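Spelled out from the first residue to the last, the chains are:
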Amino acid sequence: MTAEQQTVSAPSQLESVERYLAVWNTTGDVLAKAVAAALTEDVTYVDPLADVAGHEALATLIRGVQQQFTGYEFRLTGSPDIHHQVARFGWELVSRTDGSAPVAGFDVVTFGADGRIRTVTGFLDRVPGA
C-alpha cells in the first residue's frame, strides 16, 4: 500500500445496527444519504406490513412511517445479539413528548461484506389498535 492509499475500515456490526436505527430517525434531504451509508444497494426489508427492496423504496417506507408517527423516534432496547454476519435487536417507537411507546418490535439483520446491512426482517410485538 502506498502512502497515498487509505484504508477505510468497515463499521463494527454494533455500529452498523446503531447507524441503521438512526436512519429511521433521519429526516429531510439527508435521508437518502443516510440510507446509502447504512444499507447495501440491494437491501431488502420485510415486516408484517411492508416488503421493499433497494434504497429508494426503503427511504419511501421510512418517510411514510415518519409521517404516520410525527414526534416519535426509534430507540434501541437492550443490547443487540450479534454473531457471524447476523444480528437481532429490539426497538421501540417512542414519543418525544410523553415517552409513550405505542410500537415495539425486533429486527433480524444480515451484514454485507462492507459492514452495511443487507437484509432486514422485522417483527412487530406491539402496534396501536392490535
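The model shown is predicted, which means the values in this text are computed figures rather than measured ones.

Visitor: Looking at this structure, I do not really get the packing of aromatic side chains. What am I missing?
Guide: We describe a pair of aromatic rings using the distance from one ring centre to the other and the angle between the two ring planes. Throughout the structure, instances matching the rule amount to 7 aromatic pairs. Between Phe-69 and Tyr-72, the ring centres sit 5.8 Å apart and the planes meet at 85°, which makes this aromatic pair edge-to-face. Through successive ring pairs, a cluster of aromatic residues spans Tyr-20, Trp-24, Tyr-45, Phe-74, Phe-89 and Trp-91.

Visitor: Would you take a moment to explain the packing of helix α2 (residues 31-38) against helix α3 (residues 55-68) for this structure?
Guide: Angle between the axes and distance between the axes: these two values describe a pair of packed helices. Between α2 and α3, the shortest axis-to-axis distance is 10 Å and the interhelical angle comes to 125°. By the angle between their axes, α2 is oblique relative to α3. For the crossing formed where α2 meets α3, the hand is right-handed. Contacts from Leu-31, Val-35 and Ala-36 of α2 reach α3 at His-55, Ala-59, Ile-62 and Arg-63.

Visitor: What's the story with α3 in this structure? I'm lost.
Guide: One turn of the α-helix equals 3.6 residues, which is why residues spaced by three or four share an orientation. Here α3 is 14 residues long and its end C-alpha atoms lie 20 Å apart, about the 20 Å a rise of 1.5 Å per residue gives. Listing the buried residues of α3 in full gives His-55, Leu-58, Ala-59, Leu-61, Ile-62, Val-65 and Gln-66. Along the long axis of α3, the arc covered by the buried residues comes to 160°, so they all point the same way. Looking at α3, the residues exposed on the side facing more than 90 degrees away from the buried face are Glu-56, Gln-67 and Gln-68. Its buried side turned inward, α3 meets α1 (13-23), α2, β1 (39-47), β2 (50-53) and β3 (72-83).

Visitor: I keep staring at the nonpolar core and nothing clicks. Help me out?
Guide: Of all hydrophobic cores here, the largest spans 30 residues; its most connected members are Tyr-20, Trp-24, Leu-39, Tyr-45, Leu-58, Leu-61 and Val-109. If you list the elements that add at least two residues to this core, you get α1, α2, β1, β2, α3, β4 (86-95), β5 (103-111) and β6 (117-126). Ranked by the residues each element gives to this core, the list is headed by α3, at 5 residues. Residues contacting Leu-39, with those up to four places away along its chain left out, are Tyr-20, His-55, Leu-58, Arg-116, Ile-117 and Val-120.

Visitor: I keep staring at the pattern of salt bridges and nothing clicks. Help me out?
Guide: Between side chains of opposite charge, a pair can form when the charged atoms approach closely. Within the structure shown, the criterion is met by 7 salt bridges. A single salt-bridge network, built from bridges that share partners, covers Glu-41, Asp-114 and Arg-116.

Visitor: Whenever I open this one, the sheet that holds β4 confuses me. Can you help?
Guide: For sheets, the rule is that strands pair by backbone hydrogen bonds, running either parallel or antiparallel. Pairing is mixed across the open sheet formed by 6 strands, whose spatial order is β2-β1-β6-β5-β4-β3. Strands at the two margins of the open sheet, each flanked by one partner only, are β2 and β3. Direction aside, the axes of adjacent strands within the sheet are offset by 20° on average. Where β4 meets β5, 8 bridges bridge the pair, whose relative direction is antiparallel. Paired with Ala-87 across the strands is Val-109, a residue of β5. Along the sheet, α3 makes contact with β1, β2 and β3, crossing β1 at roughly 45°.

Scoring rules and cut-offs
- Residues numbered from 1 in each chain as written.
- Predicted model: local features only at pLDDT ≥ 70, side-chain atom pairs only at ≥ 80, totals over all residues.
- Heavy atoms only, no water.
- Phe/Tyr/Trp six-rings, centres within 6.5 Å; stacked < 30°, edge-to-face > 60°.
- Axes fitted to C-alpha atoms, helices over the stretch in contact; angles between N-to-C directions.
- Helix = DSSP H or I, 4+ residues; strand = E, 2+ residues; numbered from the N terminus.
- Parallel < 35°, antiparallel > 145°, perpendicular 65-115°, else oblique.
- Left-handed = near helix turned anticlockwise from the far one by under 90°.
- Contact = heavy atoms within 4.5 Å.
- Expected span 1.5 Å × (residues − 1).
- Buried < 20%, exposed > 50% of the residue type's maximum accessible area, 1.4 Å probe, protein only.
- Arc of directions from axis to C-beta.
- Core = buried A, V, L, I, M, F, W, Y, C linked by side-chain atoms within 4.5 Å.
- Salt bridge = Lys/Arg side-chain N within 4 Å of Asp/Glu carboxyl O.
- Pairing = 2+ DSSP bridges.

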